[in-house]
Amino acid sequence: MLMNVEMWGAVWSALASLVFLWPMLQNHVPAGLRHWLTAMADKLASHLSPYLHITISEYGDHRFRRSDFFLAVEAYLSHACARRARRLKADLGRDARSVQVSVDDHQEVTDSFRGATLWWYPSSKSNKSSVISFYPGEDERRFYRLVFHRRHRDLVLDGCLPHVLAEGRAVTVRNRQRRLFTNNASTSWNPYRRGKGVWSHVPFEHPVSFDTLAMDPGDKDAIVDDLVAFRDGKDYYARVGKPWKRGYLLYGPPGTGKSTMIAAMANFLDYDVCDLELTAVKNNTELRKLYIETTGKSIIVIEDIDCSIDLTGKRKKASGDNKASDGGGEGSDDKPKLPTEADRDDGGSKVMLSGLLNFIDGLWSACGGDRIIIFTTNHKEKQDPALIRRGRMVVHIEMSYCGFEAFKVLASNYLGVEQHELLGDIRRLLEEADMSPADVAENLMPMSKRKKRDPDACLAGLVEALNMAKEEAQANKAAKEKEEMKAKEQATTNGEDEGKDKMTSEEYKANGDI
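Small disclaimer: the values here were computed from a predicted structure and weren't measured. (Residues numbered from 1 in each chain as written. Predicted model: local features only at pLDDT ≥ 70, side-chain atom pairs only at ≥ 80, totals over all residues. Heavy atoms only, no water.)

Caption draft 1: Local environment of a negative patch on the surface. Together, Asp216, Asp219, Asp221 and Asp225 make up a negatively charged patch on the protein surface. Secondary-structure assignment places Asp219 in helix α5 (residues 217-231). According to the relative accessible area criterion, Asp219 is partly exposed, its value standing at 42%. (Patch = residues over 30% accessible without salt bridge, like charges linked within 9 Å, V, L, I, M, F, W, Y side chains within 5 Å. Areas by Shrake-Rupley, 256 points an atom, 1.4 Å probe, with all protein chains shown as cover. Salt bridge = Lys/Arg side-chain N within 4 Å of Asp/Glu carboxyl O. Lys, Arg positive; Asp, Glu negative; His and termini not counted. Charge placed at Lys NZ, Arg CZ, Asp CG, Glu CD. Helix = DSSP H or I, 4+ residues; strand = E, 2+ residues; numbered from the N terminus. Buried < 20%, exposed > 50% of the residue type's maximum accessible area, 1.4 Å probe, protein only.)

Spelled out as structure tokens, the structure:
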């Protein structure tokens with residue numbers, strides 16, 4: 001026993017001496033022998049040590065973009081393990097809401113997963129060469145090293161790493177600053193220059209919520225329930241075999257709160273907003289590229305779809321031309337025709353209805369999930385039925401003129417009024433006159449702090465505005481009826497005169513005319 005102790009003591013003493021002298025010997029040992037000795041030392045250490053190592057590099061196979069797994073590990077450690085570390089570093093991330101605290105380099109952090117003890121080591125390694133690299137991460141390589149006992153190999157690979165990835169992504173979503181995106185012109189797309197990609201963005205800081213949204217409470221509850229079901233329905237969509245996305249159509253007169261509704265949805269779900277300007281998209285290929293570059297937890301918005309590009313005119317024109325050329329008989333060919341060269345070179349956007357339909361629910365729409373697509377329009381009846389059918393725009397939300405329930409929300413928000421003697425008159429006038437929530441809100445908003453109006457004056461001013469709107473609507477209705485009556489009388493007079501000018505065949509014969 002004593003001999004074994006002495007033998008192992010000599011071995012460890014020799015190893016300690018080798019470790020101490022190794023930096024000095026490296027300058028005199030040939031490169032081939034040095035590499036062989038390093039490999040043998042690693043092999044010996046792997047036999048003697050029961051611990052395994054996993055390295056997560058900052059860039060990995062990507063030279064221009066940081067690894068998603070590395071970012072997830074960084075967020076996970078900052079959230080779950082930073083309080084147990086003794087050295088931390090703080091930074092304000094590019095898209096973070098507040099200061100982010102993470103574990104400093106070369107600081108050991110102890111973690112546990114299902115009873116297994118793990119050790120995280122954030123590290124960095126500088127490049128000793130004097131060559132200037134244009135690739136980020138070449139001058140200094142940052143990485144995380146995960147150390148664990150080899151008996152937990154399957155637990156770490158199959159359970160711990162996916163758990164860290166999911167938790168890190170969730171933390172990133174909670175800490176990020178939500179953004180409002182808009183698509184850049186394709187002539188300026190450059191994936192290697194910051195801010196010159198497919199999308200550009202600014203912080204999204206709209207303050208609206210469903211609590212302050214002027215809308216009937218029952219309708220709001222139905223929309224919120226639908227949004228919650230979509231947000232939590234990833235497994236359900238996968239089970240029924242549908243892409244995890246949902247389409248909404250918001251329609252109604254101007255000023256009824258369609259854009260405000262989109263902002264309330266984004267704030268409720270904590271999603272980004274991608275405002276897609278179709279007039280800046282050249283063709284269907286660019287449209288697909290824009291969709292692919294969006295991320296999960298996004299609301300893709302196309303506002304005023306009836307004013308963006310002419311999607312219905314081309315179809316109607318082509319249909320009319322086909323009928324004219326084929327005579328409109330039973331043998332006419334009603335199959336859709338490919339666009340002609342004139343159609344392709346007419347300038348402007350070349351996005352066609354087929355491309356937009358594929359964008360909504362075609363094969364390309366399944367490239368990624370957790371997205372909401374919203375169309376807004378002032379004239380639902382003018383849209384192509386294939387574009388807004390229920391299978392594509394699943395939920396149709398009518399944003400109508402201000403009702404009394406919506407008015408009570410505005411009165412509570414702007415004036416803090418729940419009960420007032422003028423509410424009865426306002427209820428009656430809102431049923432008789434059409435006024436958008438935006439106009440009602442303007443009448444309730446005080447002019448300034450110096451000339452602050454009291455609730456009585458604000459409500460009285462609203463009653464006066466509603467009476468004016470009612471009188472104007474009645475005058476317009478009377479004028480319209482008068483014009484219709486005049487047109488009808490004119491049509492009747494023209495018909496009688498035309499009948500007088502025409503003669504029957506018997507009258508022609510009686511007069512001797514052929």
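Caption draft 2: Fine view of the sheet that holds strand β12 (residues 371-377). What the 7 strands build is an open sheet, ordered β8-β7-β10-β11-β12-β9-β13; its pairing is mixed. With partners counted over all chains shown, the strands left at the sheet margins are β8 (199-203) and β13 (395-398), one partner each. Within this sheet the neighbouring strands show an average axis-to-axis angle of 25°, counted without direction. Sheet topology note: the strand β11 (residues 298-302)/β12 ladder contains 5 bridges and is parallel. (Pairing = 2+ DSSP bridges. Axes fitted to C-alpha atoms, helices over the stretch in contact; angles between N-to-C directions.)

Caption draft 3: Geometry of the pairing of strand β9 (residues 245-251). Burial within β9 is extensive, with 7 of its 7 residues counted as buried. Of the two faces of β9, the one lined by Lys245, Gly247, Leu249 and Tyr251 and the one lined by Arg246, Tyr248 and Leu250 are each fully buried. Pairing of β9 with β12 involves 7 bridges; the strand directions are parallel. Considered in β12, the bridge of Leu250 is made with Thr376.

Caption draft 4: Summary view of the pattern of salt bridges. Inspection of the entire model under this criterion finds 11 salt bridges. Residue Glu74 is joined to Arg142 by a salt bridge in which the shortest nitrogen-to-oxygen separation is 4.0 Å. Pair noted here: Glu74 is in helix α3 (residues 68-81) and Arg142 is in strand β6 (residues 140-149), with a separation of 68 residues, a long-range link. Neither Glu74 nor Arg142 differs from the other in exposure class; each is buried. Each of the salt bridges in this network shares a partner with another, and the network as a whole consists of Glu58, Glu74 and Arg142.

Caption draft 5: Inspection of the nonpolar core at higher detail. If you look at the biggest cluster of nonpolar residues, it comprises 29 residues, and the most contacted ones within it are Phe210, Met261, Met265, Ile299, Ile372 and Ile397. Put simply, the parts of the chain that give this core at least two residues each are α5, β9, α7 (258-269), β11, β12 and β13. Looking at which element gives the most residues to this core, the answer is α7, with 7 residues. Not counting residues within four places of it along the chain, the set of residues in contact with Met265 comprises Phe210, Ile223, Leu227, Tyr248, Ile299, Ile374 and Ile397. (Core = buried A, V, L, I, M, F, W, Y, C linked by side-chain atoms within 4.5 Å. Contact = heavy atoms within 4.5 Å.)

Caption draft 6: Here's a closer look at a nonpolar patch on the surface. Together, Ile292, Leu363 and Trp364 make up a nonpolar patch on the protein surface, roughly 330 Å² of accessible area in all. Structurally, Leu363 is set in the loop between α12 (353-361) and β12.

Caption draft 7: Examining unusual backbone geometry more closely. At Arg114, a residue that is not glycine, the phi angle is positive and equals roughly 55°. In this structure, Lys297 takes a positive phi of about 55° despite not being glycine. Topologically, Lys297 is positioned in the loop between α8 (284-292) and β11. Under the relative-accessibility criterion, Lys297 is labelled partly exposed at 27%.

Caption draft 8: Fine view of the packing of helix α14 (residues 404-414) against helix α16 (residues 437-444). One can describe the packing of α14 onto α16 by two numbers: an axis separation of 10 Å at closest approach and a directional angle of 30°. Seen along the crossing, α14 lies across α16 with a hand that is right-handed. Between α14 and α16, the contacting residues are Phe407, Leu410, Ala411 and Tyr414 on the first element and Pro437, Val440, Ala441 and Leu444 on the second. The residue makeup of the contact of α14 with α16, split by class, is 8 nonpolar, no polar and no charged. (Left-handed = near helix turned anticlockwise from the far one by under 90°. Nonpolar A, V, L, I, M, F, W, Y, C, P; charged D, E, K, R; others polar.)

Caption draft 9: Seen up close, the packing of aromatic side chains. The final tally for this structure, using the stated rule, is 9 aromatic pairs. Measuring from ring centre to ring centre gives 6.5 Å for Phe181 and Trp199, while their planes differ by 85°; the resulting arrangement is edge-to-face. One end of the pair, Phe181, is in strand β7 (residues 179-183); the other, Trp199, is in strand β8, and 18 residues separate them in sequence. Of the two residues, Phe181 and Trp199, neither departs from the other in class, the shared state being buried. A centroid spacing of 5.8 Å and a plane angle of 85° characterise the contact between Phe210 and Phe268, whose relative ring orientation is edge-to-face. Of this pair, Phe210 sits in the loop between β8 and α5 while Phe268 sits in helix α7, and the two are 58 residues apart along the sequence. An aromatic cluster is defined as three or more aromatic residues linked by ring pairs; in this entry it consists of Phe230, Tyr236, Tyr237 and Trp244. Across the ring face of Tyr291, the terminal group of Arg371 is positioned such that the distance to the ring centre comes to 5.2 Å. (Phe/Tyr/Trp six-rings, centres within 6.5 Å; stacked < 30°, edge-to-face > 60°. Lys NZ or Arg CZ within 6 Å of the ring centre and 35° of its normal.)

Caption draft 10: Quick look at α8. Listed as buried for α8 are Asn284, Glu286, Leu287, Leu290 and Tyr291. In a view along the axis of α8, the buried residues occupy a sector of 160°, so they form one face of it. In this structure, the buried side of α8 is in contact with β7, β8, β9, β11, α12 and β12. You can read the cap of α8 off the contacts: a side-chain oxygen lies 3.2 Å from the backbone nitrogen of Thr285, and it is on Asn283. (Arc of directions from axis to C-beta. Polar contact = N/O pair within 3.5 Å; in protein donor to acceptor, adjacent residues only side chain to side chain.)

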